[in-house]
Amino acid sequence: MAEHLLEIKDLAVVFHTIAGQVQAVNGVNLHLDKGEVLAILGESGSGKSVTASAVLNLIDMPPGEITAGEIRFKGENLFDMPPARRRDINGKNIAMIFQDPLSYLNPVYRIGWQIEEALKVHGAKEKEARLETLRLLEKVGITEPISAARKYPHQFSGGQRQRVMIAMALALRPDILIADEPTTALDVTVQAQILDLLVNLQKETGMALLIITHDLGVVAEVANRVIVMQNGKVIEAGSVRDIYFKPSHKYTKQLIKAAPGKGKFSLGISSSNPLLSVSKISKNYGVFRALKDISFDLMEGETVAIVGESGSGKSTTAKILLRLENANSGSVFYQNQDILTLSDQDLLKKRRDIQMVFQDPSQSLNPRMTVLQLISEAWVIHPDVLPKNKWLRRVEDLLEQVGLEKEYVRRFPHQLSGGQLQRIAIARALALEPKIIICDEAVSALDVSVQAQVISLLKKLKKDLGLSYIFIAHDLPVVRDFADRVIVMKEGQIIETGLAKDIFLKPQKKYTQELLLASLEPDPDVQLARRNTRKKLLEYKI
Amino acid sequence: MAKSPPTAKDNNTRRFVFNAWLLMLARDRFALFAAIFLLVLVGVALVGSFALEDVATKQNLRGRNAPPFDFNKDWIFWLGGDALGRPLLARIFLASRNTLMIAASAVSFSLIIGCFLGLIAGYTSKFFSHLILRVADVIMSFPSLLLAVIILYMLPPSVINIVVVLAITRIPIYLRTARAEVLEIRERMFIQAATVMGASNKRIIFRHILPIIIPTMVTIATLDFAFVMLAESSLSFLGIGIQPPEITWGLMVAQGRPYLTTAWWLSFWPGLAIILTTLSLNLLSNWLRVVLDPQQRWRMEIGDQKNG
């Protein structure tokens, strides 16, 4: 058998916690060859990141402990090496990039200096290092590398920062680049650019690329081979096409089924009764115009999705509708009253009808309150909704409605999982029997399978209770399954609006087309076609 | 449980909560000792100091600076005697009353007022925030002892005045910390979530923000307890604080200073009392911080000894 570049054999990692031992990685086998792109796919807690950390010796020991297995790099067992040799391999032979580049770049040094530092540590001369730094920055697609090298990390956007990070990782021309969720925090168009960059660099240098991700779309876009992990075990491995079209394990099948973007389009709704009527709202932060004359209607029982990249003003719109921010001009009519000009007392009554579900439930639920307190708080604020002696019963009913056990009433948020927490947040929004629920990226922090469950819960509630949703998202496949109508926003303006079917199948505006092309599909064939179209478009531009 | 009358249920839960807290206290041995020590101390201050008042003030010039650990003498002299031959143990007991009363009231006043102003400065309009902060800046820009000296020079030195002066000089500490914490917490998502539900400012401040800043505030307060005891002794040393024959630990330390080379015990024992009290408060506040946080409470509930 030929020698692999990197080979992990029967790796087992245990974390010793006070609550007992946690088997994070349990008998993982994988190998990586030169010039190959391997993806490790798994949801949170599957052990994919721990496996990668073991390669780079990044696991804190204790509480972590590698109980079994070996990792061979070019035939040498990493665990048998003296620490100095191991450090030498890190960075020089195996490099890593992370999800959030901001926390891995030192904020007080210029980025040029930080890249030079990496080169100098491994023996480059001052002048050489400076030239090499500029060359690297250019290579990762940073325009004007000379002035960029003099900037500090906070002066870059998220995508540029990720490019800087890639430049740093490539500085020593590693044989292997490990990328841990490299694009999760980025916008779709930027994500597509970064993934393109990674693949191009990989082809150019012939290094091996190991991508860790939870997103089937990323796998379809870049990987040759894929490994599916669950609960610390590899449950399936094979080529991307084999896994997608012929999954053999139950979990993989479930994962592929849960991937959004395959459902039928909504046909739109028959009602033409505007429930909420937004007209010409604008918002300025100093001289920066965050929103420019936004107008749209929300019909009864309708789901309107607002999509756009960060900075497009979609969250600001939500905040204005909820009066968390005040608009500079415009009006929002609800039941024949402009809610932007209501007095505090009148507003209190209207607040009941418009509720919100936030992005990250672990942030939006007060960590010091129990589930009972969290949900019943709504009735403390609005005492006329429900008498106190019925609170417990109603909370239990609400929990049942969102698919949770009654026993959770005494739990604190940290004792629940992300999906459970988002259900609690939805139950809290339902407590006031609202007409409209605004979901601000309500499912983007959740695992794919949990995401699908929450979406179907929202659909069910819509049918049962006649709710209307304003669904703010950057993830297009989810929107495709869920929305009746879609509003595309960019730089504070509405670019295009229409039925979900029309937006997704016949986008009119160029920006919408770009956005759709950049979004990732789990189906490798669809994704390949999309990538080729994107390339053509790019060549055409040049 | 839901069917039983509300009062009985409330009593039951209250007793249950109390027992749970006792259990958690028993789990942390250091905190348990600290709590016992503080209880004994309060008992001494309330009862012992009155019982021993006569003994503690009776002069005995033959026993001047009597050394400690002379077990032939009365037990009251085991810690030695002071410069006028009064038994140190009795003096410490007697002094505990004034010391604890001054420190506790000064600290709690500055804690409550500082915390309240900090919440207002952090959460309400810019105008109030600036007003409160500038006043705090004025207080802080004066050396606190100098301020105390000026005020006490004008007012007659009495226990109440000393408490007021010490409280005022310490308010900015709580105020600034509380405000800084509020500024961070008010940006958190769950505050926005409460606003969306229509919660009033009052509710957000007291129900959502206050419980989160309390552990920090209590920790600062316990550290400040020692500072206040020493500040009070400095004032007493300058002659504008507690006036003899009234006595506090700080004053005892100050009075023992001329004899440090010949009779160390005069300053040592009251100093030890100050240290033990602060240490106990510290351990107890550390325990409280863990217990008040639902995310860390399990450490106590499962009986983990190494918290933190």
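Residues numbered from 1 in each chain as written. Chains lettered and ligands numbered in written order. Predicted model: local features only at pLDDT ≥ 70, side-chain atom pairs only at ≥ 80, totals over all residues.

Chemist: Help me out: how do you make sense of the overall build of chain A in this one?
Modeler: Along the backbone of chain A there are 21 helices and 20 strands. In terms of overall size, chain A behaves like a compact globule, its C-alpha atoms giving a radius of gyration of 25 Å where 542 residues would be expected to give roughly 24 Å. Over its C-alpha atoms, taken along the principal directions, chain A stretches across nearly 70 × 55 × 45 Å. Within the span of chain A, comprising 542 residues, buried residues form 44% of the whole. Considering only intrachain contacts with a sequence separation of at least 6, the fraction spanning at least 24 residues in chain A is 69%. (Helix = DSSP H or I, 4+ residues; strand = E, 2+ residues; numbered from the N terminus. Rg over C-alpha atoms; globule rule 2.2 N^0.38 Å. Buried ≥ 20, exposed ≤ 12 C-beta atoms within 10 Å, placed from the backbone. Contact = placed C-beta atoms within 7 Å.)

Chemist: When you look at the domain arrangement of chain A in this model, what are you seeing that I'm missing?
Modeler: The extent of an interface is frequently quoted as the accessible surface area lost upon association of the parts. Residue and element names in this part refer to chain A. The assigned domain composition of chain A is domain 1 (263–353 + 436–448 + 463–515) and domain 2 (361–433). The centre of domain 1, based on its C-alpha atoms, is set 26 Å off from the matching centre of domain 2. Contact with domain 1, which involves five residues of that partner, is made by six residues of domain 2. In the side of domain 1 that touches domain 2, the residues fall into four nonpolar, no polar and one charged. (Domains from an automatic or database assignment. Nonpolar A, V, L, I, M, F, W, Y, C, P; charged D, E, K, R; others polar.)

Chemist: Could you clarify how one ought to interpret the sheet that holds strand E8 (residues 208–213) of chain A in this entry?
Modeler: Each strand in a sheet pairs with its neighbour through backbone hydrogen bonds, running either in the same direction (parallel) or in the opposite one (antiparallel). Residue and element names in this part refer to chain A. Read across the open sheet, the six strands follow the order E6-E7-E8-E3-E9-E10; overall the sheet is mixed. The sheet terminates laterally at strand E6 (94–97) and strand E10 (233–239), the two strands that pair on one side only. Each strand axis lies, on average, 20 degrees off the axis of its neighbour in the sheet, ignoring direction. Bridge analysis of strand E3 (residues 37–41) against E8 gives five bridges, and the strand direction is parallel. Within E8, the position partnered with Leu-41 by the bridge is Thr-213. (Pairing = 2+ DSSP bridges. Axes fitted to C-alpha atoms, helices over the stretch in contact; angles between N-to-C directions.)

Chemist: Would you mind going over the sheet that holds strand E13 (residues 303–307) of chain A with me for this structure?
Modeler: All names here are of chain A. The strand order E16-E17-E18-E13-E19-E20 describes an open sheet built from six strands, whose pairing is mixed. The sheet is open, and its two borders are formed by strand E16 (354–357) and strand E20 (493–499), each paired with just one other strand. Neighbour to neighbour, the strand axes of the sheet diverge by 20 degrees on average, direction disregarded. In the sheet, strand E19 (residues 485–490) pairs with E20 via six bridges, with the strands oriented antiparallel. Looking at the pairing, Arg-485 lines up with Leu-499 of E20.

Chemist: What exactly am I supposed to notice about the interface of chain A and chain B here?
Modeler: At the interface, 23 residues of chain A touch 19 residues of chain B. Broken down by secondary-structure element, the contributors of at least two residues to the side of chain A that touches chain B are helix H12 (344–351), E16, helix H13 (361–364) and helix H14 (371–381) of chain A. For the side of chain A that touches chain B, the element with the highest residue contribution is H14(A), accounting for three residues. Tallied by class, residues from the side of chain A that touches chain B come to 13 nonpolar, six polar and four charged.

Chemist: Help me understand the nonpolar core, please; the structure alone is not making it clear to me.
Modeler: As a rule of thumb, nonpolar side chains are buried together in soluble globular proteins. The biggest cluster of nonpolar side chains holds 168 residues, and the ones touching the most others in it are Ala305(A) and Phe471(A). Two domains share this core, each providing at least three of its residues, namely domain 1 (263–353 + 436–448 + 463–515) and domain 2 (361–433) of chain A. Among the nonpolar cores identified, the runner-up in size contains 69 residues, and Leu89(B), Ala90(B), Ala254(B) and Trp265(B) belong to it. (Core = buried A, V, L, I, M, F, W, Y, C linked by C-beta atoms within 7 Å.)

Chemist: Is there a simple way to think about the confidence of the model for chain B in this case?
Modeler: Low-pLDDT stretches of the model should not have their predicted coordinates read in fine detail. Residue and element names in this part refer to chain B. Considering every residue of chain B, the mean pLDDT works out to 81; 92% of them sit at 70 or more. Note on residues 1–9: pLDDT is under 50 here. Beyond four places in sequence and across chains, it has three contacts. Residue range residues 304–308 is modelled with pLDDT below 50. Its contacts to residues more than four positions away, or to other chains, number five contacts. Both scores are given for the predicted complex: the pTM is 0.77, the ipTM 0.71. (pLDDT = per-residue confidence, 0-100.)

Chemist: Sorry if this is basic, but what is going on with the pairing of strand E1 (residues 6–17) of chain A here?
Modeler: Two faces, one strand: in a regular strand the side chains alternate between the faces of the sheet. In this structure, E1(A) lies alongside strand E2 (residues 20–32) of chain A, joined through 10 bridges in antiparallel fashion. In the sheet register, Val14(A) faces E2(A), and the bridge partner there is Gln23(A).

Chemist: Just to check I follow, could you spell out the environment of Val22(A) for this structure?
Modeler: Residue and element names in this part refer to chain A. Note on placement: Val-22 falls in strand E2. As for Val-22 and Lys-350, which are separated by 328 residues in sequence, their C-alpha atoms are 48 Å apart. Apart from residues no more than four positions distant in its own chain, Val-22 is found in contact with Val-14, Phe-15 and Thr-17.

Chemist: Can you help me understand helix H20 (residues 510–518) of chain A in this one?
Modeler: In an α-helix, one full turn covers 3.6 residues, which means residues spaced three or four apart are oriented alike. Residues and elements named next belong to chain A. Among all positions of H20, only Thr-512, Leu-515 and Ala-518 are buried. Buried residues of H20 fall within an arc of 130 degrees about the axis and therefore sit on the same side. Tucked into the core, H20 has its buried residues touching helix H7 (188–205), helix H18 (476–482), E19, E20 and helix H19 (500–505). (Arc of directions from axis to C-beta.)

Chemist: Quick question: what am I supposed to make of the environment of Gly256(B) here?
Modeler: Residue and element names in this part refer to chain B. Tracing the backbone shows Gly-256 in helix H10 (residues 249–256). Measuring from C-alpha to C-alpha, the distance between Gly-256 and Glu-232 comes to 16 Å, with 24 residues separating the pair along the chain. Excluding its chain neighbours within four sequence positions, the residues that come into contact with Gly-256 are Leu-266 and Ser-267.

Chemist: How should the environment of Arg225(A) be read in this particular structure?
Modeler: Residue and element names in this part refer to chain A. As for its position among the elements, Arg-225 is in strand E9 (residues 225–230). Its 19 C-beta neighbours within 10 Å are what place Arg-225 among the partly exposed residues. Distance in space between the C-alpha atoms of Arg-225 and Gln-508 is 36 Å, their sequence separation being 283 residues. Setting aside chain neighbours within four positions, we find Arg-225 in contact with Glu-36, Leu-38, Gly-238, Ser-239 and Val-240.

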